[in-house]
Amino acid sequence: MSRNDEVAEEVSDCFERRSSEAKRKSPQNFPKPDDNLMTSMNSANNEHKTRTNGDNEDLEPGNLLHADHKPRLLLMGLKRSGKSSISNVVFRKMAPHETLFLETTTTIRKEAMHSFMDFQVWDLPGQIDYLDPDFDAESIFGGVGAMIWVLDAIDNYMEPVSRLTETILHLQHSYPDIKYSVFIHKVDSLTEDFRDDTMRDVRQRITDDLYDAGLENPPITYYGTSIYDHSIFEAFSKVMQGLVPQLPTFEALLNTVSANCRFEKAYLFDVYSKVYIASDTTPVDMKAYELCADLIDIIVDMSEVYGWDRGQDQQETDRSQAVAAPSAESFVSNIKGYHLYLKEINRSALRAQVRQGFRLTIYRNLSFIGISKYSDFEISKVLVDQNMQAFQDTLLKVFPRG
């Protein structure tokens, strides 16, 4: 039996035990579900002692994966293709219309994700020739897990395609493990037919150029993206999933959760960036994903307004008591026929900021979000709570925090 099967069997048995206990303890008469919007948030403290400062690289994150596994992802492409806009919208929560005023990137900008793994995203300036023999390629491409090439769909893309193929051919010999993704960006400006034709033409040109150079079936994925909708978050999610070595185990656990809790779809989200690192194996419904993203926006905005820094309290709290503390959760019922259930899995402090004289700690956390169309989901929520506690306990046991 494989490790994934053992984990799935373990959490399934745990679900059955907890469900049996919940059925014995739960009241027989539940109140009739209300059709109105219901949101309940139970704030809790789940973080352990964390060092925070203004530099993401110097943080001590609360990781779920092993500390020595630190994949890096590169954002590359010609200048003005939209790399910095993507980075700021996804990782800095900048409003899309504000990216119009961004200056051209002249230095390497680094972003970090710490909710589930120590992960870096490097935004590389487009005007530098990284294929120059005098350039220290190892400092940039050594240890890279994936490279995203951003291509402007509304501009002449012949030169970007040529530069991309040269880059792939140059790196393939020295760094054969790098995975490549092409973001055909700004597709929101194109009509649906023209967008499909553009993506098909770009894919065909890249494939033909690499084939002519002797590289067959290159490991490249293609995504149509825009910062004005959720397509950029969906594309980033797919790219990052390819770098998570425990992805099959995540999917096995989420499949078990979905089956036991009657979820149509289940995700594990990095809340601050709205990137999901795993989901169950059912097809992704973009409408459902958009509901999840909107729920995350509401929770993050409310946390920034009503949250408080519990770092001082945490210094006086035993670590074992902090881990055992209940996690935050949110439940929203009857949104276009969907029920949304959010459960915080872990939390780590990202950085501290001072706004208008108040000290605000920005948190990254990994959270589960499940979507259900089951009409009696609200009535059976007590069983879902029991199952989700078992899921969280198993997940943190399989992926202990650093």
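Note that the structure is a prediction, hence the values are computed from the model and not measured.

A.B. asks: I'd like a rundown of the overall build of the chain, residues and numbers included.
C.D. replies: Counting its regular elements, the chain contains 11 helices and 12 strands. Taken across its 402 residues, the chain has 52% of its residues classed as buried. When contacts within the chain are restricted to residue pairs at least 6 apart in sequence, those whose partners lie at least 24 apart make up 75%. Accessible surface computed for the chain: about 19300 Å², of which carbon and sulfur atoms make up 48%.

A.B. asks: Quick one: what's the story with helix H4 (residues 158–174), residue by residue and with numbers?
C.D. replies: Its 17 residues place the ends of H4 26 Å apart at the C-alpha level, agreeing with the 24 Å of an ideal helix rising 1.5 Å per residue. Within H4 the residues assigned to the buried category are Pro160, Val161, Leu164, Thr165, Thr167, Ile168, Leu171 and Gln172. Down the axis, H4 shows its buried residues gathered within 165° of arc, on one side only. Turned more than 90 degrees away from the buried face of H4, the exposed residues are His173 and Ser174. On the buried face of H4, the contacting elements are helix H3 (137–141), strand S5 (144–152), strand S6 (179–185), helix H5 (192–212) and strand S7 (220–225).

A.B. asks: How would you explain the nonpolar core if you had to name every residue and give the values?
C.D. replies: Of all hydrophobic cores here, the largest spans 41 residues; its most connected members are Leu73, Phe183, Phe236 and Met240. The element contributing the most residues to this core is helix H8 (residues 286–306), with eight residues. The residues that make up this core include at least three from each of domain 1 (2–241) and domain 2 (247–398). Residues within four places of Met240 in sequence aside, it is in contact with Leu73, Phe91, Met113, Phe119, Val121 and Val275.

A.B. asks: Describe unusual backbone geometry, listing the residues and the values that go with them.
C.D. replies: Of note, Lys186 is a non-glycine position whose phi angle comes to about 65°, a positive value. Judged by relative accessible area, which is 23%, Lys186 ranks as partly exposed.

A.B. asks: Give a description of a nonpolar patch on the surface that names residues and reports values.
C.D. replies: Judged by side-chain polarity, Ile298, Met302, Val305 and Tyr306 come together as a nonpolar surface patch covering roughly 450 Å² of accessible area. Inspection of the secondary structure assignment puts Met302 in helix H8.

A.B. asks: Which residues make up the sheet that holds S6, and what are the values?
C.D. replies: Sheets are built from strands that pair by backbone hydrogen bonding, the pairs being arranged parallel or antiparallel. Pairing in this open sheet of six strands is mixed, and the strands run S3-S4-S2-S5-S6-S7 from one edge to the other. A single partner strand is all that each edge strand has here, and the edge strands are strand S3 (109–113) and S7. This sheet shows a mean twist of 20° between the axes of neighbouring strands, independent of strand direction. Set on the sheet, H5 makes contact with S5, S6 and S7; between it and S7 the angle comes to about 155°. Most of the contacts of helix H6 (residues 231–241) go to S7, to which it runs at about 165°, and overall it touches strand S2 (72–76), S3, strand S4 (119–123), S5, S6 and S7.

A.B. asks: So what about the confidence of the model for the chain? Which residues, and what values?
C.D. replies: Looking at the chain as a whole, its pLDDT mean stands at 76, while 71% of the residues score no less than 70. Long-range and interchain partners of residues 25–69, a stretch whose pLDDT sits below 50, account for 124 contacts in this model, where long-range means more than four residues apart. Contacts from residues 349–363, a stretch scored under 50 in pLDDT, to residues over four places away or in other chains number 46 contacts.

A.B. asks: If you had to explain the packing of helix H7 (residues 247–261) against helix H11 (residues 381–398) to someone new, which residues and values would you point to?
C.D. replies: For the pair H7 and H11, interaxial distance at closest approach is 10 Å and the crossing angle is 170°. Regarding the angle of H7 to H11, the classification is roughly antiparallel. For the pair formed by H7 and H11, the contact residues are Thr249, Phe250, Leu253, Leu254, Val257, Asn260 and Cys261 on the first element and Val384, Asn387, Met388, Phe391, Thr394, Leu395 and Val398 on the second. Split by residue class, the contact of H7 with H11 holds 10 nonpolar, four polar and no charged.

A.B. asks: Tell me about empty space enclosed by the protein, and please be specific about residues and values.
C.D. replies: Throughout the structure, instances matching the rule amount to one cavity of 30 Å³ or more. If you add up the space inside the largest cavity, you get close to 80 Å³. Lining the largest cavity are 13 residues, and of these Met76, Tyr130, Trp149, Arg163 and Thr167 lie nearest its centre. Looking at the lining of the largest cavity residue by residue, the classes come out as eight nonpolar, three polar and two charged.

A.B. asks: Before we move on, can you summarise the layout of surface pockets with the specific residues and values?
C.D. replies: Volume-wise, the second largest pocket comes out at about 410 Å³. Around the second largest pocket, the lining comprises 24 residues; the ones closest to its centre are Arg80, Ser81, Gly82, Ser85 and Lys186. The dominant element in the lining of the second largest pocket, judged by the number of residues it contributes, is helix H2 (residues 83–91), at three residues. When the residues that make up the lining of the second largest pocket are grouped by side-chain class, the tally is six nonpolar, 12 polar and six charged.

A.B. asks: Give a detailed account of the packing of aromatic side chains, specifying residues and quantitative values.
C.D. replies: Taken as a whole, this structure holds 17 aromatic pairs when the rule is applied. Note on Phe91 and Phe236: the rings are 5.4 Å apart at their centroids and 90° apart in plane angle, and the pair reads as edge-to-face. Placement of the pair is Phe91 in helix H2 and Phe236 in helix H6, with a sequence separation of 145 residues. Among the residues examined, Phe236 registers a relative accessible area of 0% and is labelled buried. Their ring planes at 90° and their centres at 5.2 Å tell us that Tyr130 and Phe135 sit as a pair that is edge-to-face. Using a relative accessible area of 28% as the deciding quantity, one classes Phe135 as partly exposed. Each residue in the set Phe263, Phe331, Tyr341, Phe368, Phe377 and Phe391 is aromatic and connected to the rest through ring pairs, giving one cluster. Of note, Arg72 hangs over the ring of Trp122, and the distance from its end group to the ring centre comes to 4.1 Å. The cationic tip of Lys274 hangs over the ring face of Phe233; the distance from NZ or CZ to the ring centre is 4.5 Å.

Reading the values: rules and limits
- Residues numbered from 1 in each chain as written.
- Predicted model: local features only at pLDDT ≥ 70, side-chain atom pairs only at ≥ 80, totals over all residues.
- Heavy atoms only, no water.
- Helix = DSSP H or I, 4+ residues; strand = E, 2+ residues; numbered from the N terminus.
- Buried < 20%, exposed > 50% of the residue type's maximum accessible area, 1.4 Å probe, protein only.
- Contact = heavy atoms within 4.5 Å.
- Areas by Shrake-Rupley, 256 points an atom, 1.4 Å probe, with all protein chains shown as cover.
- Expected span 1.5 Å × (residues − 1).
- Arc of directions from axis to C-beta.
- Core = buried A, V, L, I, M, F, W, Y, C linked by side-chain atoms within 4.5 Å.
- Domains from an automatic or database assignment.
- Patch = residues over 30% accessible without salt bridge, like charges linked within 9 Å, V, L, I, M, F, W, Y side chains within 5 Å.
- Salt bridge = Lys/Arg side-chain N within 4 Å of Asp/Glu carboxyl O.
- Pairing = 2+ DSSP bridges.
- Axes fitted to C-alpha atoms, helices over the stretch in contact; angles between N-to-C directions.
- pLDDT = per-residue confidence, 0-100.
- Parallel < 35°, antiparallel > 145°, perpendicular 65-115°, else oblique.
- Nonpolar A, V, L, I, M, F, W, Y, C, P; charged D, E, K, R; others polar.
- 1 Å grid on protein atoms, 1.4 Å probe; cavity = no way out; pocket = protein on both sides within 12 Å on 5 of 7 lines; lining within 4 Å.
- Points joined across faces, edges and corners; volume = space filled by probe spheres on them.
- Phe/Tyr/Trp six-rings, centres within 6.5 Å; stacked < 30°, edge-to-face > 60°.
- Lys NZ or Arg CZ within 6 Å of the ring centre and 35° of its normal.

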